[in-house]
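The residues making up each chain are set out below.
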Amino acid sequence: MSQMTRTCLLGWLGMALLAGYARIGWSQVVAAGQVTVLKGATIIDGTGKAPMPYGVIVIEGEKIKAVGGKNTAYPADAKVIDAAGKFIVPGLIDMHVHYRPWLGELFLNYGVTSIAVPGNPAYEPAEREPSYRPEARSPRIFSTSGRLPVNGAMTREQVQDMVREWLKKKPDYAALPSFNERNAQVYQWTAELVHEAGLMVFGHTENAPGSVRAGQDVVEHLWGFAEALMTAQELEDFHKGKYLHWGLFLKDQARIDQLIKDAVAKGTYLNPTLVYELGSQTALARDHEVGVSNLFRDEKLMAYFPRNLAEGALFKLRAARNFSTRYENQAAFSVLDPKDREQFYDAYRLCGQFLKKWVAAGGRIIGGTDDPSSGIAGLTLHMEMAMMVESGLTRMQALQSVTGWSAALLNGRRKTASIPTVGVIADGAYADLVVLGADPLDNIGNTKKIERVMKGGRFVQLGYTTSYGAPKPAETAIIPKTPEPEISAVAPYVVVEGSPDFEIAVNGVGFVGNSVVRVDDIPVPTTFVDIRTVRAKVPAAAVSRALPNRFNAPGPEQNNGVYGDKTVKITVFNGPPDGGLSNSISLRVIAKWMADEKN
C-alpha cells in the first residue's frame, strides 16, 4: 500500500459521523456514557435461533449490555428508542474483501459493519485499528496481515520462522497461497502452526479434498471440489481450455456426497463467491442489474467512485466466466452460442445443488464477495444472500452466512470459547446492528430495506459524501533535459517456455548512451546502438518467471496459453538528469504444450 493510500485511509477512517436525522425517536446523537435501549423490534440474533418478538437491546458504550424479551430490565435514565414493527439483525460481515478506502461508505450504507481482508492489501494493525472506532466511516477491518508466502521448497524450520514472524503482525486469520500437489506438505506444516496459534486457514485450492486434509478451514470458491471430480484426462483438458466451465463437473452425486461428508466432518467452511463467479447465470441477474444501475445514479457516490468499476459491475451481470478457448474469459451472453449459454446455466444449477447439499449435511457457508472484483461493495453481499436462497438455502441460513457463521470463523480455533465480538446480537458483543423495515425471513430481499445502521453503539449517517473518496494528486509536467524513451518493437517478440539466454533488439526513440533495458523491472546488460536501437541480454530466468497470464481473470489453474500468453515486460530507462522510464512492451512466452502441438 502506498504512503498516500495509507495516509488517506487513516484520515477517512477517522471521519466523525454526522448528526441530525430528522425522524422522531431515531436521533443520530447518543450522548457519551448514556445507556441506549432499542425496544419493541423483532430480534434475529445471527445464531440461528428463532426470532425474538418485542425484544429489548440494552447498549452501554460500544457494547451490548443485555438482550432479551420485553421484560428485560434497563436503567430508568436510559435513552429509549421505540423500534416497534422493525426487525433488527446483527451488522453484516463480508468475509472476503480486497478493501480499498473508497468502498467504506458503500459497505456501511448496506449494513456491512465488518469485513475480512484475506491478504491483499495486507492491512496490518496500525492500518486497521482506526476502523474499529465507532465514529470511523468505514466497516471494521479484520485481516490476515498479508498472505503467508508459502512455497513447496521450504523446510519445516523455514515454515516455523515464517509463521513466527507473521504472528507478530497480530493477524485475525490466515490466508495461504492456492493449495496444489506441489506445496501440499509445506501447506500442512503451515496450517498446523496456524491452528496452534488459534487461528483459521483460508484460501484457494486446486484440490479441495486434499487441502481440507492438509488443514484448510475455509475453501474459497467451489472449483477445488469440481477439479477433484475430474479424471486425469479431463483435468488436463480443462487446463488446456477445452471446457466452458468447471461447474459442469459437479454431477457425480455419490462422490459429491462423500466429499461433502468428509469436509463437513472436519468443520470446513465454504466461501462460494456466487456473484463474482456466477452472477450472470442467476434468474435474478436482471433485477440485480437494475439495482446496481440505480446505485450508480447517485451523484455524490459517483463524485469519487471509479467509473470504470461501475461499468464493469454492470458488464459482469451480462457476461459469463468462461474457461474455454472458444470465448474470452469474460464472455458477454450476447456472443454465446445458445447451446453454450445453456451450459453456463447448468453450471450455476449444479453449483447451487452442491451448496444446498453442503448445508443439509451440517456444513457452514460464509458470505464473502471478493469485492471489488464484482465492481461494487455492500450491495453485492445482499445479492449473494439472494443467490444462496435461490440455490436452496433457507433465508435464516443465508442470513447466518453473513452474521453468526462468519463470526464463528473470526473467533477461530481459540482454546477458550468466547462470544464473538461481531456478527451476533449478544451480551458483550459490539453494538453493530441493522434496523430493517421488513422481515428478512419472509423475503431475503428485505435485507436491503435498511432504515438505520449502528456501529459501536452509534447510528451511522447514511448516504454518500462527495469528499469521501481519494483526492486526485495535482499533475505537473516539465520539459525533460533527458527524454523519456519510447519503445515501438522488440525482436524477437516471442519465445517458447524454457528458452535459454538470448539477445533482444529493442527499437524505438529517445535512447541515450546510458539507456538501460529492464526485463521485468530488473536491469540487464545493455549495448547502445543508436538513438533508435539498443540491444540487451535476456536471461533464461526471466522467461521462466514470466508473469501469470494476465488475460485470464483469477480462477482455477489452467495451462498458460488458454487465453493468451505469459509475458515478460520490456522497458528502457534513461538515467538523470530527468530521463525516466519508457512505455512497456511485452515479450510473449508461448506455452511449450502449444509449441509442441504445432510442431
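About the thresholds
Here the residue numbering is sequential within each chain, running from 1 through the sequence in written order. In view of the model being predicted, local features appear only for residues whose pLDDT reaches at least 70, and side-chain atom pairs are presented and counted only at 80 or more, with totals across whole chains, interfaces and linings using the full set of residues. Note that the side-chain values use all heavy atoms of the structure and ignore hydrogens as well as water. Interaxial angle, 0 to 180 degrees, is taken between N-to-C directions of lines fitted to C-alpha atoms, where a helix line uses only the stretch in contact. Numbered from the N terminus, helices here are DSSP runs of H or I no shorter than four residues, and strands are runs of E no shorter than two. Angles are sorted into four bins: roughly parallel if under 35 degrees, roughly antiparallel if over 145, roughly perpendicular if 65 to 115, and oblique for all others. The contact definition used throughout considers only heavy atoms, calling two residues in contact when any of these lie within 4.5 Å. Three classes are used, and their members are as follows: Ala, Val, Leu, Ile, Met, Phe, Trp, Tyr, Cys and Pro are nonpolar, Asp, Glu, Lys and Arg are charged, and the others, Gly among them, are polar. When a carboxyl oxygen of Asp or Glu lies within 4 Å of a side-chain nitrogen of Lys or Arg, that pair is called a salt bridge. Whether a residue is buried, partly exposed or exposed follows from its accessible area with a 1.4 Å probe, protein chains only, as a fraction of its type maximum: under 20%, in between, or over 50%, in that order. Cavity: a set of points on a 1 Å grid over the protein atoms alone where a 1.4 Å probe fits but cannot get out. Pocket: an open set with protein on both sides within 12 Å along at least five of seven lines, its lining residues, like those of a cavity, having an atom within 4 Å of a point. Grid points are joined across faces, edges and corners, and a volume is the space filled by probe spheres set on the points.

Let's talk about the packing of helix α14 (residues 338–360) against helix α15 (residues 379–391)
Contact geometry for α14 and α15: axes closest at 8 Å, N-to-C directions at 85 degrees. The orientation of α14 relative to α15 falls into the category roughly perpendicular. Where α14 approaches α15, its residues Tyr348, Gly352, Leu355 and Lys356 are matched on the opposing element by Met387, Glu390 and Ser391. Grouping the amino acids of the contact of α14 with α15 by side-chain chemistry returns three nonpolar, two polar and two charged.

Section: the environment of tyrosine 430
With respect to the helices, strands and loops of the structure, tyrosine 430 is situated in the loop between α17 (404–411) and β16 (433–436). With near-sequence residues (within four places) excluded, tyrosine 430 lies in contact with Glu62, Lys63, Ile64, Arg140, Thr421 and Val422.

Points about the pattern of salt bridges
Under the defined criterion, the tally for this structure stands at 24 salt bridges. For the salt bridge of aspartate 172 with arginine 128, the shortest nitrogen-to-oxygen distance reads 3.5 Å. Of this pair, aspartate 172 sits in the loop between α4 (156–167) and β9 (174–179) while arginine 128 sits in helix α3 (residues 125–128), and the two are 44 residues apart along the sequence. Accessibility assignment for this pair places aspartate 172 and arginine 128 in one class, buried. Between arginine 318 and glutamate 289 there is a salt bridge, with its nearest N and O atoms 2.7 Å apart.

Regarding empty space enclosed by the protein
Considering all chains together, one arrives at one cavity of 30 Å³ or more under this definition. Here the largest cavity defines a volume of roughly 130 Å³. Lining the largest cavity we find 17 residues, and of these Val275, Tyr276, Gly279, Lys316 and Leu317 sit closest to its centre. Those elements giving two or more residues to the lining of the largest cavity turn out to be α10 (274–278), α13 (307–316) and β13 (319–321). Per-element tally for the lining of the largest cavity: the top contributor is α10, with four residues. The residue inventory of the lining of the largest cavity, partitioned by class, reads nine nonpolar, five polar and three charged.

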